[in-house]
Amino acid sequence: MTRETPPAIEARIGDRGYPVHLDSGILASLGERWVAGATGEAVLLVHDANVTAIAMRAEESLAAAGIRVVSAPVPPGESSKSLAELERLARLAATAGLRRRDGVVAVGGGVIGDLAGFLAASYQRGVRLAHVPTTLLAMVDSAIGGKTGVDIPEGKNYVGAIWQPELVLIDTDVLDTLPARELASGFAEVVKYGLLDGPELFELVESWPALPGPRDRLRELILRCVTHKIDVVADDEHDHGRRASLNLGHTVAHGIEAALGYAGVTHGEAVAVGLMPMLRLSEELCGLDPSWRIRTGEVLARHGLPTRLEGVVAVDDVLAAAARDKKSDGRSLNMVLIDAPGSIRLGVDPPPRMLRDAVAEVLA
């Protein structure tokens, strides 16, 4: 008996919405789902060069649905999230004759989604976009919500736009192709969602076995993270309030990445380290029970994620980069802390010495 595909999750953002399809083995349906809302005849298929086999399956599905596909492999790694790579892709699309009625399909992790999404937002002032995330991090976080952008030396994601996709297709089978380090990197965001959502989700995360985990429960775990993010983004699409909560641990994480020149650690590894000082500050400023920091550290470590980066990067360099983070307004770092899992405080500016001590604990 053929198993029925679960219904799509509707992401309702402002006055428009888009479907998020989440299940195993659904990559082959990409073409028919794209054509269902299509007005154009072509797409630029932007994909990580490390997932060429998955990209070829996406291309075959689109081609079978009558869509002309222009393949655009991108070198892997954060260094591809650049203005130079954006220009290269835009010129490739123009040379291939893509028009405003056509679109961009992003196949890859967070780097590809951010880069291809910004291309879709800016090419001929905006074209259709579909996300086909191939990493756990992209599935639970970056493919949802419409944030796009590229890095400049002064900061991560400094140049970008809010551009909602018209389709997100999450095939959990592709996680079987991910290296262990990339799976763990995505799990750092899952842990973040456990802290943001509340004890019930955190306990599910805390009990999670070896990654990627049991197939019959994997959809539930991803779904819980996706629905949390959709709810937050629907309430604050342009990041003027509640959406800032999604940056728990990210101010320090972005500082680490920038100080290291976006090399040496993955985004998820930086987030794992960045969560720890925020939990310490939450204890000191918000009364968070210290057991939550212990439990968080244990679940991160159990899945191969660092909670310290001793001697890898200077504390002052990280703090200087963190002060340039997008959430900082020049007067306050606007950090996210928690009173307890599910109870969030926004816009916190810790005393400088307290912040430095918390960061030094994980870096010195």
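Above this text you will find the structure in question.
Residues numbered from 1 in each chain as written. Predicted model: local features only at pLDDT ≥ 70, side-chain atom pairs only at ≥ 80, totals over all residues. Heavy atoms only, no water.

Asker: Before we move on, could you go through the sheet that holds strand β9 (residues 167-171) and cite the residues and values that matter?
Answerer: Taken in spatial order, the seven strands make up an open sheet running β1-β2-β9-β6-β5-β3-β4, and their pairing is mixed. The open sheet has two free edges, formed respectively by β1 (9-13) and β4 (68-74), since each of these has just one partner strand. Strand-to-strand twist of the sheet, defined as the mean angle between neighbouring strand axes without regard to direction, takes the value 20°. Relative to β9, strand β6 (residues 128-133) runs parallel, the two being bridged by two bridges. Directly across from A130, in β9, lies its bridge partner L167. Contacting β3 (42-48), β4, β5 (103-108) and β9, helix α2 (residues 52-64) runs over the sheet at an angle of about 165° to β3. (Pairing = 2+ DSSP bridges. Helix = DSSP H or I, 4+ residues; strand = E, 2+ residues; numbered from the N terminus. Axes fitted to C-alpha atoms, helices over the stretch in contact; angles between N-to-C directions. Contact = heavy atoms within 4.5 Å.)

Asker: Outline the pattern of salt bridges, listing residues and values.
Answerer: Applying the stated criterion across every chain yields a total of 28 salt bridges. A salt bridge links K147 to D239; its shortest N-O distance comes to 2.8 Å. In this pair, K147 is assigned in strand β7 (residues 147-152) and D239 in the loop between α8 (215-235) and α9 (250-259), connecting sequence segments 92 residues apart. On the basis of relative accessible area, K147 is assigned to the partly exposed category, the value being 30%. For the salt bridge of E200 with R224, the shortest nitrogen-to-oxygen distance reads 3.8 Å. Of this pair, E200 sits in helix α7 (residues 199-206) while R224 sits in helix α8; the two residues are 24 residues apart in sequence, bridging distant segments of the chain. Salt bridges sharing common partners tie together E78, K81, D114, D151, K156 and E257. (Salt bridge = Lys/Arg side-chain N within 4 Å of Asp/Glu carboxyl O. Buried < 20%, exposed > 50% of the residue type's maximum accessible area, 1.4 Å probe, protein only.)

Asker: Give a detailed account of the packing of helix α6 (residues 180-197) against α8, specifying residues and quantitative values.
Answerer: For any two helices packed against each other, the geometry is given by the interaxial angle and the distance between the axes. Remark: α6 packs on α8, axes separated minimally by 10 Å, with the N-to-C direction vectors making an angle of 60°. If you check the angle between α6 and α8, you find them oblique. α8 is crossed by α6, and the crossing has left-handed handedness. Contact residues: F187, V190, Y193, L196 and D197 in α6; L221, R224, C225, H228 and K229 in α8. Of the residues belonging to the contact of α6 with α8, the class tally is six nonpolar, one polar and three charged. (Parallel < 35°, antiparallel > 145°, perpendicular 65-115°, else oblique. Left-handed = near helix turned anticlockwise from the far one by under 90°. Nonpolar A, V, L, I, M, F, W, Y, C, P; charged D, E, K, R; others polar.)

Asker: Just give me the short version of helix α13 (residues 352-363), but keep the residues and values in it.
Answerer: Its 12 residues give α13 an end-to-end C-alpha distance of 16 Å, which sits within 8% of 16 Å, the value for a rise of 1.5 Å per residue. Along α13, the positions that sit buried rather than exposed are L355, A358, V359, A360, V362 and L363. Residues of α13 that are buried in the fold lie against α9, α10 (267-286), α12 (315-323) and β10 (335-340). (Expected span 1.5 Å × (residues − 1).)

Asker: Report on the nonpolar core, specifying residues and quantitative values.
Answerer: Proteins that are soluble and globular tend to have nonpolar side chains buried together. Among the nonpolar cores identified, the biggest contains 94 residues, and V20, V105 and L363 are the most heavily contacted of them. Per-element accounting of this core gives the leading share, 10 residues, to α10. If you look at the next biggest cluster of nonpolar residues, it comprises 22 residues, including V46, V74, F118 and L129. (Core = buried A, V, L, I, M, F, W, Y, C linked by side-chain atoms within 4.5 Å.)

Asker: I'd like a rundown of the packing of aromatic side chains, residues and numbers included.
Answerer: This structure, assessed with the given rule, holds one aromatic pair. With 5.3 Å between their ring centres and 85° between their planes, F202 and W292 make a pair best called edge-to-face. Here F202 is found in helix α7, whereas its partner W292 is found in helix α11 (residues 290-302), with 90 residues between them in sequence. In terms of burial, F202 and W292 fall into one category: buried. The side chain of K192 reaches across the aromatic face of Y193, ending 4.4 Å from its centre. (Phe/Tyr/Trp six-rings, centres within 6.5 Å; stacked < 30°, edge-to-face > 60°. Lys NZ or Arg CZ within 6 Å of the ring centre and 35° of its normal.)

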